[in-house]
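# Structural description and commentary
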Amino acid sequence: MSSSANYGSGSVTLEFVIGTDMNRALIEVMNRLNQVPRYPVDADEPIIRLGGQGFDRVVAWFQITAREGNDVPIASYQDFIEDNVITRFERVPGVASVFAFGGRTHEVRITFDPYQAAGLGLDLTSISGELGTNADVSAGNTEVGRRMYTVRFSGKYEIDSLGDLVLEWRDGRPIKLRDIARIEMVMVDPTTVLHQNGGPGIGMGIAPESGANVLDVLDEIRLVSEELEAGILERAGLELFMGFDQSLYITSSIKMVRNNLLLGMGLAIAVLWWFLRRFRATLIVALSIPLCLLFSFIVMYTTGRTVNIISLAGLAFATGMVLDAAIVVLENIFRQREAGRDGNEASLRGTQQVFGALLASTATTVAIFMPVVFLQDEAGQLFADLAITISAAVVASLLVAVTVLPSAAANWVKGTGIEDHHRDWWRWAANHVMSWTNTARQRWAWVATLTLVPLALAAILVPPADYLPEGRQNWIQGFMVAPPGLGVETGQREIMNVIDERLGPYLSGEKTPRMESYYMGSSPGFGTFI
């Protein structure tokens, strides 16, 4: 459990062990909070969010600005946004929290005339306490005739009638609130300011629940934004602009891994053709790639996994690994044919001879990756998809190599063996290796060189350690810490307006790199961000 206090707010974060039923934990937290007898007068009741809230968890940023011709200050729409826009996005499945900032909510402001109150001998402290008790309460039940009625005391005032509140009676005349105070509905004092492309706006961020499919959530969010844009926001004279969409980065990353996977498959087949130089033999070995990948997809579906960057990376890694068993079996089958055996006998005998070695090789690979699935920490959650896809593909490669490939080799491939078109290369390389290691001194020199040089290079060129690599995205985000005590209006005038002026040429394209859009805010809680 950790807590933090900020300007006008505080938060408590509860972290649970992996595997905890979060719905049950949520109910228990709500029950404990309901046992709190009362909260301070100026404090709102706490809001519970499942999944947390923070800039690092936001998957979509929206900016709300006034349409052309709408002269109403955008800051006055904060209540409207909270009542109509945020509530609609919160109903999207998979959304944990939605928050908006940059606007100003409305409040009932009572400004007392201290001289008038002092002249009448009124105590402002007692008056404020009396104002806090104006609420509609139940007064019990009463039976009239044959019916039971519930008595309700209406003590809550509307804004227009709040001035008629009687504070005291003097000489048979009431002293009303409007006699010593001015009552008005106004916007609260500004605490946060947001600019969108140089103009005022309201920012809104959406964070998903833990474990939610981000792509599905963002697809639904875009549909809801289009619905709001064409409906209630258009009638209110507002525009909704999606400034950040994490699905674009995720989709582009998935496409990149997919293209690399297809490129790897093509290169693997090309290398096979370069060495085998027989179309049918190359086709038989290449068939193991789609069959193994298909089996991996089936395993992912049955285990509840999704196609993501990690799982696609596992498939890309497995593309080269699944060819090993097929190549070993095919080579041994052709070796049996060179010994004079027919197609069926050569396939059967060639597969049986190498099955034990292939089984041991597959078992060791699976034994390396599968334990990652059972890890309960972040590493297990992050690399479980990688371990499952590689293990499934390697197991499938063994099955394909001992079932599909022998049958295809017996019926599709003719001839007694595979002619080695690179025999001269291997003979030249072997002769040079023998000449370089002809004496004992040369052999010890090569052993020392091949041992010490890699160790030295590894010590010199070892990269810095990090948790995850930084992905390149087409947006940047920065924070600026203002001097302590800097007012919001001063920060807007001396910091935000200056930055708006300097970013103007980049937004219009007069200077490069050209910016498509930017938003900038300032808050006493954490300074200025852009």
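The structure reproduced in this document is the subject of the present report. (Residues numbered from 1 in each chain as written. Predicted model: local features only at pLDDT ≥ 70, side-chain atom pairs only at ≥ 80, totals over all residues. Heavy atoms only, no water.)

### Quick look at the overall build of the chain
Scanning the chain from N- to C-terminus turns up 16 helices and 17 strands. Relative to the 2.2 N^0.38 estimate, which gives 24 Å for 530 residues, the radius of gyration of the chain is 36 Å and therefore markedly larger than a compact globule would have. Principal axes of the C-alpha set define a box for the chain whose edges measure 130 × 70 × 50 Å. Scored against the burial criterion, the 530 residues of the chain give a buried share of 32%. Across the chain, the fraction of contacts at a sequence separation of at least 24, relative to all contacts at a separation of at least 6, is 71%. Accessible surface, the chain: about 33600 Å² in total, of which carbon and sulfur atoms supply 58%. With 41 positive and 56 negative side-chain charges, the chain shows a separation of 11 Å between the mean positions of the two kinds. (Helix = DSSP H or I, 4+ residues; strand = E, 2+ residues; numbered from the N terminus. Rg over C-alpha atoms; globule rule 2.2 N^0.38 Å. Buried < 20%, exposed > 50% of the residue type's maximum accessible area, 1.4 Å probe, protein only. Contact = heavy atoms within 4.5 Å. Areas by Shrake-Rupley, 256 points an atom, 1.4 Å probe, with all protein chains shown as cover. Lys, Arg positive; Asp, Glu negative; His and termini not counted. Charge placed at Lys NZ, Arg CZ, Asp CG, Glu CD.)

### Details of the packing of aromatic side chains
A ring pair, where both rings are aromatic, is described by two values, the distance of the centres and the angle of the planes. Under the definition given, this model contains six aromatic pairs. Here the aromatic rings of tryptophan 61 and phenylalanine 101 are separated by 5.9 Å at their centres, their planes lie at 80 degrees, and the arrangement is edge-to-face. Remark: phenylalanine 101 occurs in strand β4 (residues 95-101) and tryptophan 61 occurs in strand β3 (residues 60-66); sequence separation between them is 40 residues. Each member of the pair, tryptophan 61 as well as phenylalanine 101, carries the same accessibility label: buried. (Phe/Tyr/Trp six-rings, centres within 6.5 Å; stacked < 30°, edge-to-face > 60°.)

### Thoughts on the packing of helix α7 (residues 246-276) against helix α8 (residues 279-286)
Viewed as axis vectors pointing N to C, α7 and α8 meet at an angle of 145 degrees, and their least axial separation amounts to 9 Å. Classified by chirality, the crossing of α8 by α7 is right-handed. In this structure, α7 uses Ile269, Leu272, Trp273 and Leu276 to contact α8, whose residues at the interface are Phe279, Ala281, Thr282, Val285 and Ala286. Here the residues of the contact of α7 with α8 sort into eight nonpolar, one polar and no charged. (Axes fitted to C-alpha atoms, helices over the stretch in contact; angles between N-to-C directions. Left-handed = near helix turned anticlockwise from the far one by under 90°. Nonpolar A, V, L, I, M, F, W, Y, C, P; charged D, E, K, R; others polar.)

### Considering the nonpolar core
Judged by nonpolar contacts, the single largest core of 37 residues is most densely connected at Val285, Ile289, Val322, Leu323, Val329, Leu330 and Leu405. Those elements that provide at least two residues to this core are α7, α8, α9 (288-302), α10 (309-338), α11 (343-369), α12 (378-402) and α13 (404-412). The leading source of residues in this core is α10, at eleven residues. Here valine 285 is in contact with Leu272, Leu323, Ala326, Ile327, Leu330 and Leu405, once residues within four sequence places are set aside. Listed in part, the 26 residues of the second largest apolar core include Ile81, Ile86, Leu218 and Leu238. (Core = buried A, V, L, I, M, F, W, Y, C linked by side-chain atoms within 4.5 Å.)

### Quick word on a nonpolar patch on the surface
A grouping of Trp273, Phe279, Leu283, Leu287, Leu291, Val404 and Trp412 is seen on the molecular surface, where their side chains present a nonpolar patch of about 650 Å² in accessible area. Secondary-structure elements contributing two or more residues to the nonpolar patch are α8 and α13. Among the structural elements, tryptophan 412 can be located in helix α13. Classification of tryptophan 412 as partly exposed rests on a relative accessible area of 39%. (Patch = residues over 30% accessible without salt bridge, like charges linked within 9 Å, V, L, I, M, F, W, Y side chains within 5 Å. Salt bridge = Lys/Arg side-chain N within 4 Å of Asp/Glu carboxyl O.)

### Focus: the sheet that holds β4
Strand order in this open sheet of four strands is β4-β13-β3-β14, and the pairing throughout is antiparallel. In this open sheet, the two strands that pair with only one neighbour each are β4 and β14 (238-245). Strand-to-strand twist in this sheet, taken as the mean axis angle between neighbours without regard to direction, amounts to 20 degrees. Inspection of the sheet shows β3 paired to strand β13 (residues 202-208) by five bridges, in the antiparallel sense. The partner of isoleucine 64 across the bridge, within β13, is isoleucine 202. Seen against the sheet, helix α2 (residues 78-90) touches β3, β4, β13 and β14 and runs at an angle of roughly 165 degrees to β4. (Pairing = 2+ DSSP bridges.)

### Concerning unusual backbone geometry
Looking along the chain, the bond that leaves threonine 512 and enters proline 513 is cis, with omega of 0 degrees. Along the chain, the position of proline 513 falls in the loop between α16 (488-508) and β16 (519-523).

### Some points on the side chain of serine 347
By secondary structure assignment, the location of serine 347 is in helix α11. Exposure remark for serine 347: the relative accessible area of 4% places this residue in the buried category. Those residues in contact with serine 347 that lie beyond four places of it in its chain are Ile333, Pro406, Ala409 and Ala410.

### Observations regarding the environment of alanine 325
Following the sequence through the fold, alanine 325 ends up in helix α10. With near-sequence residues (within four places) excluded, alanine 325 lies in contact with Leu358, Ser397 and Ala401.

### Details of the environment of isoleucine 289
Within the secondary structure, isoleucine 289 sits in helix α9. Contacts of isoleucine 289, omitting those with residues within four sequence positions, involve Met265, Ala268, Ile269, Thr319, Val322 and Leu323.

### Remarks on α8
The complete set of buried residues in α8 reads Ala281, Thr282, Ile284, Val285 and Ala286. The inward-facing, buried residues of α8 contact α7, α9, α10 and α13.

### A short note on the side chain of histidine 195
With respect to the helices and strands, the residue histidine 195 is situated in strand β11 (residues 193-196). A distance of 2.5 Å separates polar atoms of two side chains, one belonging to histidine 195 and the other to aspartate 500. Excluding anything up to four places from it in sequence, histidine 195 contacts Pro200, Gln492, Met496, Asn497, Asp500, Tyr518, Tyr519 and Met520. (Polar contact = N/O pair within 3.5 Å; in protein donor to acceptor, adjacent residues only side chain to side chain.)

### A closer look at the pattern of salt bridges
Throughout the structure, instances matching the rule amount to ten salt bridges. Among the salt bridges present, the one from arginine 109 reaches glutamate 107, with a minimum N-O distance of 2.9 Å. On the basis of relative accessible area, glutamate 107 is assigned to the partly exposed category, the value being 31%. The partner of glutamate 168 in a salt bridge is arginine 170, and the shortest N-O contact between them spans 3.0 Å. Given the relative accessible area of 33%, glutamate 168 is considered partly exposed. When salt bridges with common partners are traced through the structure, they connect Asp219, Arg222 and Asp245 into a single cluster.

### Brief notes about α11
Taking 1.5 Å per residue as the helical rise, α11 with its 27 residues ought to reach 39 Å, and the 36 Å between its terminal C-alpha atoms agrees with that figure. Of all the bends found along α11, the most pronounced is centred on phenylalanine 355 and spans about 45 degrees. Regarding α11, the residues found buried are Gly343, Ala346, Ser347, Gly350, Thr351, Val354, Leu358, Thr362 and Thr365. (Expected span 1.5 Å × (residues − 1). Bend = angle between axes of the 7 residues up to and from the residue.)

### What to know about the packing of α2 against helix α5 (residues 214-230)
In contact at an axis separation of 10 Å, α2 and α5 are set at 155 degrees when each is read in the N-to-C sense. The angle between α2 and α5 falls in the class roughly antiparallel. At the point where α2 passes α5, the crossing takes the right-handed sense. Contacts between α2 and α5 pair Asn84, Val85, Arg88 and Phe89 from the former with Ile221, Val224, Ser225, Glu227 and Leu228 from the latter. (Parallel < 35°, antiparallel > 145°, perpendicular 65-115°, else oblique.)

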